[in-house]
Every structure is written in C-alpha cells, then in structure tokens.
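# Coordinate analysis (summary)
Read off the chains here:
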Amino acid sequence: MLRRPFCLSALLLLAASAFSAELRVKVMDTKGKPVEDAVVSLLRADGIPPSTTPLPAIEITQNDQEFMPYVTVVTTGTAVKFPNKDTVQHHVYSLSRPKKFELPLYDPGKAETIVFDQPGIVTLGCNIHDWMLAYLVVLDTPYFAKTDAQGAATLTAPAGQYRFELWHPRLTGSIPRPLTLADGGTEPVNFSVHLKPDRRLRRAPDGKSTGYE
Ligand SMILES: [Cu+2]
C-alpha cells in the first residue's frame, strides 16, 4: 500500500523530465547577420514519427498585397485559413508537390481553408500579384520552431536521439544532422549558413513588379 504513492510520484517525475529537454538554436549567415524565418525541427532518429495533432487557428493572410507571415510552420493535417484582409481580390495557388491547390479570385473579407495532409514545403503565390510569395512548412513532428529576428529559436522535446533539420527559403535543401537531446537540456547549437540571393520580386510603388532584386 505504501508503494503506490511512491510509484505515482516517480512516474510523474519521469513524465516531467521526459518533456523538459530544451534546445536553443542560433542561425547566422556567413556575414554574421541573424537569419530570420529559418525552420528548425527534430525527427526521431529511429524513424518512428512522433504523434502529431493538427494545429488550431492557423492563418496566412493577404493584406496590402502581401502574404503574412512569410514563413508558417504546421503539423501534417492542419487546416490553414487564407483570409483576404485586403481591399483587392487575390487568387492564391500552389504548384508544390505536397499540396497543389488553387483558390480562384476571391473578394476582400472572404476566407478559404485548405487542409495540408502531406509533409513538405508548400510555396504559395498569387496569380494576380507576382511578388506575393510565402512558404508553408508542413512537418510530421510536433518538435519545431522558427527563428526570430535575432536568428534564435528554442525547441522543446523529450530527451532522445533525433535527426535535426534546418530549412530556410534561401537554403538549398535542408541541413540534417544527428542530435542527442539530453535530459534537462543541451548545449546551444549555432549554425552559420550560406544563403542564396533573395530572389523575391520587388514591388514597385504602382503595384507592378520590377523584376528580381
Ligand atoms: Cu494577390
């Protein structure tokens, strides 16, 4: 009878420590400037996908003839809403393998929803406004984060063996590497990455694109 409370508290302790491992990541470019919008994620090294649940209330808006945010990360199965919060119509589409779709011309104030049921990178564009560009990163793992303006991100996951991945729109492919997440935390990981030139179309004041930057 006396053992039961002990076992219960031991289990609770175990459960608490299993979810306490934290990994801090810093991403800089080769010139030492912080890299924002890099997506860092952890996949289990044994290949078994961790259980994920679709994220609630994810939106990629169209406002002032731009997508917001530029990079969004979701788990597989997430329904993403595309509200037109602009004063003009948009025609959102993607030709990317994980989800080819099209939301034909829709009016300000309207919102369409798409479910992203395959992992991968989905590039978003607008048929009317060539410069509109955004990325949706669909992951089969709940352990991910996106770097902020300082190039910093913090991941939290159970201690264990992982494959760490780093993705950014201006990187070629992703950078995978094995990583052990120690119970209670791991040393921060710093990356210096070589980014391709920014190929985003620059937007002219009259609303017409002027070509590559
Ligand atoms: Cu548009």
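Conventions and cut-offs
Residues numbered from 1 in each chain as written. Predicted model: local features only at pLDDT ≥ 70, side-chain atom pairs only at ≥ 80, totals over all residues. Pairing = 2+ DSSP bridges. Helix = DSSP H or I, 4+ residues; strand = E, 2+ residues; numbered from the N terminus. Axes fitted to C-alpha atoms, helices over the stretch in contact; angles between N-to-C directions. Core = buried A, V, L, I, M, F, W, Y, C linked by C-beta atoms within 7 Å. Buried ≥ 20, exposed ≤ 12 C-beta atoms within 10 Å, placed from the backbone. Domains from an automatic or database assignment. Contact = placed C-beta atoms within 7 Å. pLDDT = per-residue confidence, 0-100.

Moving on, we get to the sheet that holds strand S17 (residues 189-193). On the basis of which strands lie adjacent, the open sheet formed by three strands has the order S14-S1-S17 and mixed pairing. Two strands close off the open sheet at either side, each with one partner strand: strand S14 (152-156) and S17. Looking at each pair of strands side by side, their axes are set apart by 25° on average, direction ignored. Sheet analysis places strand S1 (residues 22-29) next to S14, joined by five bridges and oriented antiparallel. The residue of S14 that forms the bridge with Glu22 is Thr156.

Note that soluble globular proteins tend to have their nonpolar side chains buried in a common cluster. In terms of nonpolar packing, the biggest core is built from 40 residues, with Val39, Leu124, Leu136, Val137 and Leu155 touching the most fellow members. The element best represented in this core is strand S12 (residues 133-139), accounting for six residues. Split by domain, this core shows at least three residues from each of two domains, domain 1 (21-50 + 146-196) and domain 2 (52-140). Not counting the four nearest positions on each side in its chain, Val137 is found in contact with Val39, Val71, Val73, Ile121 and Trp167.

Next up on the list: the sheet that holds strand S3 (residues 58-59). If you walk across this open sheet you meet the three strands as S3-S7-S10, and the pairing is mixed. Looking at strand neighbours, the two that pair on one side only are S3 and strand S10 (111-116), the edges of this open sheet.

Attention now goes to unusual backbone geometry. Look at the link from Met68 to Pro69: it is a cis peptide, with omega at -5°. In the Ramachandran plot, Asp64 falls in the positive-phi region, its phi being about 50° despite a non-glycine side chain. Relative to the helices and strands, Asp64 resides in the loop between strand S4 (61-63) and strand S5 (66-68). The backbone of Gln65 sits at a positive phi, close to 55°, despite the residue not being glycine.

Here Phe144 is to be found in strand S13 (residues 144-146). With near-sequence residues (within four places) excluded, Phe144 lies in contact with Val39, Val40, Ser41, Val73, Leu139 and Leu155.

Low-confidence regions, as indicated by low pLDDT, have predicted coordinates that should not be scrutinised in detail. With 86% of its residues at a pLDDT of 70 or more, the protein chain has an overall mean of 87. In the predicted structure, residues 209-213 sits below a pLDDT of 50 and forms 13 contacts with residues beyond four places in sequence or in another chain.

On to the environment of Asp29, then. Looking at the secondary structure, you find Asp29 in strand S1. In this structure, the C-alpha to C-alpha distance between Asp29 and Leu195, residues 166 residues apart in sequence, is 6.7 Å. With residues near it in sequence (within four places) discarded, Asp29 still touches Val35, Val193 and Leu195.

Okay, the environment of Leu171 next. In this structure, Leu171 sits in the loop between strand S15 (160-167) and strand S16 (175-181). Separated by 26 residues in sequence, Leu171 and Pro197 place their C-alpha atoms 9.6 Å apart. Beyond its immediate sequence surroundings of up to four residues, Leu171 is in contact with Val193 and Leu195.

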